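Below are the chains, spelled out letter by letter.
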Amino acid sequence: MVAPPDNDVIWARSLHHAHSGSPALAGVSLGVREGEILAVSGPRGSGKTTLLQCLSGQLVPHEGEVWFNSSPVHTLAPIQRERLRRERFGWIDPEPTLVPELTAWENAALPLLLRGTSHRKAKKAATEWLERLDIGACARKRPRALDQAQRQRIATARALVSEPSVLFADEPTATLHRAERAQVLRTITAAARSHRITVVLATHDTEVAALADRSISLLDGRRVNSLTAEAEGRAECSLSV
Ligand SMILES: Nc1ncnc2c1ncn2[C@@H]1O[C@H](COP(=O)(O)OP(=O)(O)OP(=O)(O)O)[C@@H](O)[C@H]1O
């Protein structure tokens, strides 16, 4: 095994993975720098979710290496990978899955409450994140009283509440309307930038990918190009809100 470059938070080499024998990744390599927002774009079925699952330790690639802060992830035991995911990574799914019996702030505070943070501290942190994501007014409401965009913001607050090193967002706005999509994305990227949280964002939407610092594209489980925002003449600061 060759150790990755020091300045990459996430580094992967030649990832191969198949689901029930059908190939999903066919030799993907990448590095993600600290604080960077990297979009992984590509059409449906191109391997984006599988790549994020391998990078975040949810799946162990059949071949290849994944490193986090210069430590191998692919060789960790399941319990160590689980701890790494809980303590250092955040994850946002396309559809927000919230606990219906809990209020918005309780849902957002769950990762802290489960790791033993005091009720008072967890509530304060969750409330702050809900406010940053423009949903503070709904802190006491239950998910059924909220619309899809509001629920996705709560799921986002839950992913960010423990201030992870890396946030993996898998099509986080796929189920939202266009206007809501832009707003939710701006709040995610602004919150990540202000806390220097690295983001790996899977999307099949080129407008969404344009909000990132850099974008890579997948097709049939392989990388097909790489563009930086600077190379396209877009200033990084114009993406913040
Ligand atoms: N659990 C699974 N079992 C069997 N095949 C799977 C599974 N998950 C993904 N696949 C297949 O692996 C390939 C890559 O899927 P993946 O979900 O990683 O792509 P994607 O780019 O995220 O697609 P989408 O945008 O539709 O989520 C596809 O052909 C998909 O059908």
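Residues numbered from 1 in each chain as written. Predicted model: local features only at pLDDT ≥ 70, side-chain atom pairs only at ≥ 80, totals over all residues.

- In the annotation of an unreviewed UniProt entry, the entry for the chain reads ATP-binding cassette domain-containing protein, and the organism field reads Streptomyces achmelvichensis.

1. Overview of the nonpolar core
- Leu38, Ala108, Ala126, Leu130, Val200 and Leu201 are the most contacted members of the largest nonpolar core, which has 65 residues in total.
- When residues no more than four places from it in sequence are discounted, the contact partners of Val200 are Ile10, Val32, Leu38, Val40, Leu52, Leu55, Val166 and Phe168. (Core = buried A, V, L, I, M, F, W, Y, C linked by C-beta atoms within 7 Å. Buried ≥ 20, exposed ≤ 12 C-beta atoms within 10 Å, placed from the backbone. Contact = placed C-beta atoms within 7 Å.)

2. Overview of the site of the ligand
- Lining the immediate surroundings of the ligand are 13 residues, of which His19, Ala24, Arg44, Thr49 and Thr50 lie closest.
- Elements that contribute at least two residues to the shell around the ligand include exactly strand S2 (22-33) and helix H1 (48-55).
- With three residues, H1 is the largest single contributor of residues to the shell around the ligand.
- Partitioning the shell around the ligand into residue classes produces one nonpolar, 10 polar and two charged. (Near = placed C-beta within 6 Å. Helix = DSSP H or I, 4+ residues; strand = E, 2+ residues; numbered from the N terminus. Nonpolar A, V, L, I, M, F, W, Y, C, P; charged D, E, K, R; others polar.)

3. Overview of helix H3 (residues 104-114)
- Counting buried residues in H3 gives eight out of 11 residues, a clear majority hidden from the surface.
- Taken together, the buried positions of H3 are Ala104, Trp105, Glu106, Asn107, Ala108, Ala109, Pro111 and Leu112.
- Of the residues flanking the end of H3, it is Gly116, one or two places downstream, whose phi is positive at about 95 degrees.

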